[in-house]
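Each chain, letter by letter, is given below.
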Amino acid sequence: MNLKIALAALLLLTPALASTLPDFQQPLSIDSEAFFTDLQSSNVVYERNVLVQQGSLTIRADRLEVDGSAGKGQEIFIASGSPATYSQRMEDNSLVEAEAMEIRYDRANRILIMAGAAELKQSGSLVQAARIEYNIENQQLQAERGENGRVRTIFAPEALPQPEKKQENQQP
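Read on for an overview of the structure. (Residues numbered from 1 in each chain as written. Predicted model: local features only at pLDDT ≥ 70, side-chain atom pairs only at ≥ 80, totals over all residues. Heavy atoms only, no water.)

Using the criterion set out here, one finds two aromatic pairs in the structure. Ring centres of Phe35 and Tyr46 lie 5.7 Å apart, and the angle between their planes is 25 degrees; on these two criteria the pair is classed as stacked. Separated by 11 residues along the polypeptide, Phe35 in strand β2 (residues 34–38) and Tyr46 in strand β3 (residues 43–54) bring together distant segments of the chain. On the basis of relative accessible area, Phe35 is assigned to the exposed category, the value being 55%. Relative to Tyr105, the ring of Phe77 lies with its centre 6.0 Å away and its plane at 35 degrees, an arrangement referred to as tilted. With a gap of 28 residues between them, Phe77 in strand β5 (residues 76–89) and Tyr105 in strand β6 (residues 95–106) connect regions that are remote in the sequence. (Phe/Tyr/Trp six-rings, centres within 6.5 Å; stacked < 30°, edge-to-face > 60°. Helix = DSSP H or I, 4+ residues; strand = E, 2+ residues; numbered from the N terminus. Buried < 20%, exposed > 50% of the residue type's maximum accessible area, 1.4 Å probe, protein only.)

Given below as structure tokens:
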């Protein structure tokens, strides 16, 4: 029963996580202080102060490995850091932020996998787990605990309507 409640709770977070399509139609840029490329295997490694941007999607990391062996548009980005971070502005203008020791982004399938002290935040709500997988295309979120841990979900309280203030010095 608790598992069903937790899964339902996670599903409540996912509709607002839907990505804005224009981000994926924009050019992808990568900045770093150093990089190495192996043209034969189509692998590239960026190091130190790495910044990946595509529209509002931003990934920051200490190191980024790009596996381009499957071809253009099919790259796998593996960002690592202490922690590596991800952020993206959604269609409803909410900001999704995530961090983990490793963030793997499958560009073709639009899947984000965060591993190692992973957490994902949106609109004051939070999911913490050893591993979080987010399928951007299908709007599905899955979190898994580590060996000795648990998945934690914290929901932000809804804002209560504010009572109207009486105006002082009203004259009849």
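In this structure, Leu64, Tyr86, Ile103, Tyr105, Met114 and Ile132 are the most contacted members of the largest nonpolar core, which totals 31 residues. Those elements that provide at least two residues to this core are β3, β4 (57–67), β5, β6, β7 (111–122), β8 (125–135) and β9 (140–144). Leu64 has contacts with Ile30, Val44, Val45, Tyr46, Val50, Val52, Phe77, Ile78 and Ala79, leaving out every residue within four places of it along the chain. (Core = buried A, V, L, I, M, F, W, Y, C linked by side-chain atoms within 4.5 Å. Contact = heavy atoms within 4.5 Å.)

This part takes up unusual backbone geometry. The linkage connecting Ser82 with the following residue, Pro83, adopts the cis geometry, with an omega of -5 degrees. Looking at where Pro83 falls in the secondary structure, it is placed in strand β5. In this model, Ala117 sits at a positive phi of 50 degrees, which is unusual for a non-glycine residue. Here Ala117 shows up in strand β7. A relative accessible area of 59% places Ala117 in the exposed class. Not every positive phi belongs to a glycine, and Ser123 is a case in point at roughly 50 degrees. On the secondary structure map, Ser123 appears in the loop between β7 and β8.

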